[in-house]
Amino acid sequence: MKKRFFSIAALAFAVATVSAQNKWFQDVKVGGFAMGQFQSSDKVGDESNSFNIRLARVALDGRSHDHFYWKVQMQVNGTTKEDNTAIRLVDLFGEWQKFSFFKVKAGQFKRPFTFENPMNPIDQGFMNYSQNVSKLSGFTDRTGEQASNGRDIGLQVQGDFLKVNGRNLLHYQVGVFNGQGINKKDADNRKDIIGGVWVMPIKGLRVGAFGWTGSRGGMTWTETDETGATVTKTGSIAKNRYALSAEYAQNDWTLRTEYIHSQGYDKDHTGDKADGFYALCIAPIIKNKLHVKARYDLYRNQKDWASSKTLYEIGADYMFTKKLQLNVEYARVNERTGHHNYNMFDAQLNFRF
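### What to know about the overall build of the chain
Working step 1: Counting its secondary structure elements, the chain contains 3 helices and 16 strands.
Working step 2: What you see for the chain is a C-alpha radius of gyration of 21 Å, in line with the 20 Å of a compact globule of 353 residues.
Working step 3: If you line up the chain on its principal axes, its C-alpha atoms span 70 × 50 × 50 Å.
Working step 4: Out of the 353 residues belonging to the chain, those deemed buried represent 46%.
Working step 5: For the chain, contacts bridging at least 24 residues in sequence account for 54% of all contacts bridging at least 6.
Working step 6: With an accessible surface of roughly 17500 Å², the chain has 59% of that area assigned to carbon and sulfur atoms.
Working step 7: Averaging the positions of the 47 positive and the 36 negative side-chain charges in the chain gives two centres separated by 6 Å.

See below:
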């Protein structure tokens, strides 16, 4: 896996060197990041403690002429499995950016759903994305879709309006996607429509709402018919979702909260509704250097308390430099469907290049 990763990095550097000499490309850059991890859990029957490479990415991006931005990004996950999940293409898109109020993006990229989904894993702030974003935005989606890091293949338009004192008061984004996740063709010829809008009434504050309607095709599940026999069925699973979001990020403080509701069966065809909510605070002790943080993170896979899982998290991060950061975190977990209470500890060393 390491050989393949460094081969990709070398290829990206070579392409960037050649591209930088081509008048069709401007400001070509090679970059990326890696996240080393130690995590432990005392969950009864599933105790663990292990070092891990959470993920590493290499990205190549740049501009063609004055109005066209493009990006290619590969990801390696910390796994020993020799399969397609070990290394994969996560981003491949171009965006026409001539007008700030109307930009057009095509390819494979982040779904325009929630504030947290588009964030870099380091900037997101905690040991993982919140449960509702992970389960309902296409990371480890409840439909059983392959791990897709919140991405899909499609076409999107977005823009900003009403600039006052250098700040746009209104942003919109809407796109049409396959609905199958990364590196997959549409399985049922029914597209996902995803969009959102947010307002920014004061500096650092944004309040938004998002909607998503679509399906995941090619699903197989079992049901009991009227005679009591178990039958196997195939078809599509609906995805009808909405999110309500708010964030304040100013003077090195971050306060963010999001609620997501989903209608549509999970991968086992056992529940038609789910929801989740999180609220977090990241506060500076030493500005741009040392932070403390806390998060309440709830997810209900059947939209009832019997299926809930809640994480109560506290932690801190220290930035040695702008490109090297240490995160530590403790979580008390209440899981209604299994062992009710257990503890987790997570430490990550993240660096950018």
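That was the structure; now back to the text.
### Regarding the packing of aromatic side chains
Describing an aromatic ring pair means giving the distance of the ring centres and the angle of the ring planes.
Working step 1: Under the criterion given, the structure shown has 19 aromatic pairs.
Working step 2: Where Y242 meets Y259, the ring centres are 6.3 Å apart and the plane angle is 55 degrees; that geometry is what we call tilted. Within this pair, whereas Y242 is found in strand β10 (residues 230–250), its partner Y259 is found in strand β11 (residues 253–263), the two being separated by 17 residues in sequence.
Working step 3: A relative accessible area of 37% means that Y242 is categorised as partly exposed.
Working step 4: Ring pairing ties together the aromatic residues W96, F99, F101, F161 and Y172, which thus form one cluster.
Working step 5: Its end group placed over the ring of W198, R206 keeps NZ or CZ at 5.1 Å from the ring centre.

### Thoughts on the nonpolar core
Working step 1: Formed by 23 residues in total, the largest nonpolar core has its most connected members in F113, V133, F210 and I260.
Working step 2: When residues of this core are traced back to their parent elements, those giving at least two are α3 (131–136), β8 (192–199), β9 (205–224) and β12 (273–286).
Working step 3: Residues contacting I260, with those up to four places away along its chain left out, are F113, T114, N132, V133, L136, S137, Y242, A243, A274, D275 and G276.
Working step 4: M127, A331, V333 and Y342 belong to the second-largest nonpolar core, a separate cluster that totals 6 residues.

### What about the side chain of E258?
Working step 1: Mapping E258 onto the fold places it in strand β11.
Working step 2: In this structure, E258 is buried with no salt-bridge partner, the nearest side chain bearing the opposite charge being R256 at 4.7 Å.
Working step 3: Here S245 takes part through its side chain, which lies 2.5 Å from a polar atom of the side chain of E258.
Working step 4: Apart from residues no more than four positions distant in its own chain, E258 is found in contact with T114, F115, E116, N132, V133, L244, S245, G276, F277 and Y278.

### Looking at the pattern of salt bridges
Working step 1: Within this structure, the stated rule accounts for 16 salt bridges.
Working step 2: Here R256 ties to E116 by a salt bridge, and the two come within 3.0 Å at their closest N and O atoms. A residue pair is termed long-range when its members are at least 10 positions apart, and R256 in strand β11 and E116 in the loop between β5 (102–110) and α2 (121–124) qualify at 140 residues.
Working step 3: R241 is the salt-bridge partner of D141, the closest N and O atoms lying 2.9 Å from each other. With D141 in the loop between α3 and β6 (151–164) and R241 in strand β10, this residue pair connects regions lying 100 residues apart in the sequence.

### Side note on the pairing of strand β15 (residues 324–335)
Working step 1: Two elements, strand β14 (residues 308–321) and β15, share 12 bridges in a ladder whose sense is antiparallel. Note on β15: the bridge partner recorded for Y312 is R332.
Working step 2: Note that β15 and strand β16 (residues 341–352) share 11 bridges and pair antiparallel. Residue pairing across strands places N334 opposite N341, the latter belonging to β16.

### Things to note about the confidence of the model for the chain
Working step 1: Residues at a pLDDT of 70 or more form 90% of the chain, whose mean pLDDT is 89.
Working step 2: Counting interchain partners and residues more than four positions distant, the pLDDT-below-50 stretch residues 80–84 has 2 contacts.

### So, a nonpolar patch on the surface
Working step 1: Where nonpolar side chains cluster on the molecular surface, the patch consists of F68, W96, F99, F101, F102, F161 and L162 and spans about 630 Å² of accessible area.
Working step 2: The set of elements that each furnish at least two residues to the nonpolar patch consists of β4 (87–99) and β6.
Working step 3: Assessed through its relative accessible area of 41%, F101 is described here as partly exposed.

### Brief notes about the environment of W96
Working step 1: Position of W96 among the secondary structure elements: in strand β4.
Working step 2: Through-space distance from the C-alpha of W96 to that of G214 is 26 Å; in sequence the pair is 118 residues apart.

### Examining the environment of R332
Working step 1: Summarising the element assignment, R332 is placed in strand β15.
Working step 2: For R332, a relative accessible area of 34% corresponds to the partly exposed category.
Working step 3: In sequence terms R332 and P284 are 48 residues apart; their C-alpha atoms lie 23 Å from each other.
Working step 4: Contact partners of R332, with chain neighbours within four places excluded, come to T310, L311, Y312, N341, Y342 and N343.

The rules behind these values
- Residues numbered from 1 in each chain as written.
- Predicted model: local features only at pLDDT ≥ 70, side-chain atom pairs only at ≥ 80, totals over all residues.
- Heavy atoms only, no water.
- Helix = DSSP H or I, 4+ residues; strand = E, 2+ residues; numbered from the N terminus.
- Rg over C-alpha atoms; globule rule 2.2 N^0.38 Å.
- Buried < 20%, exposed > 50% of the residue type's maximum accessible area, 1.4 Å probe, protein only.
- Contact = heavy atoms within 4.5 Å.
- Areas by Shrake-Rupley, 256 points an atom, 1.4 Å probe, with all protein chains shown as cover.
- Lys, Arg positive; Asp, Glu negative; His and termini not counted.
- Charge placed at Lys NZ, Arg CZ, Asp CG, Glu CD.
- Phe/Tyr/Trp six-rings, centres within 6.5 Å; stacked < 30°, edge-to-face > 60°.
- Lys NZ or Arg CZ within 6 Å of the ring centre and 35° of its normal.
- Core = buried A, V, L, I, M, F, W, Y, C linked by side-chain atoms within 4.5 Å.
- Salt bridge = Lys/Arg side-chain N within 4 Å of Asp/Glu carboxyl O.
- Polar contact = N/O pair within 3.5 Å; in protein donor to acceptor, adjacent residues only side chain to side chain.
- Pairing = 2+ DSSP bridges.
- pLDDT = per-residue confidence, 0-100.
- Patch = residues over 30% accessible without salt bridge, like charges linked within 9 Å, V, L, I, M, F, W, Y side chains within 5 Å.

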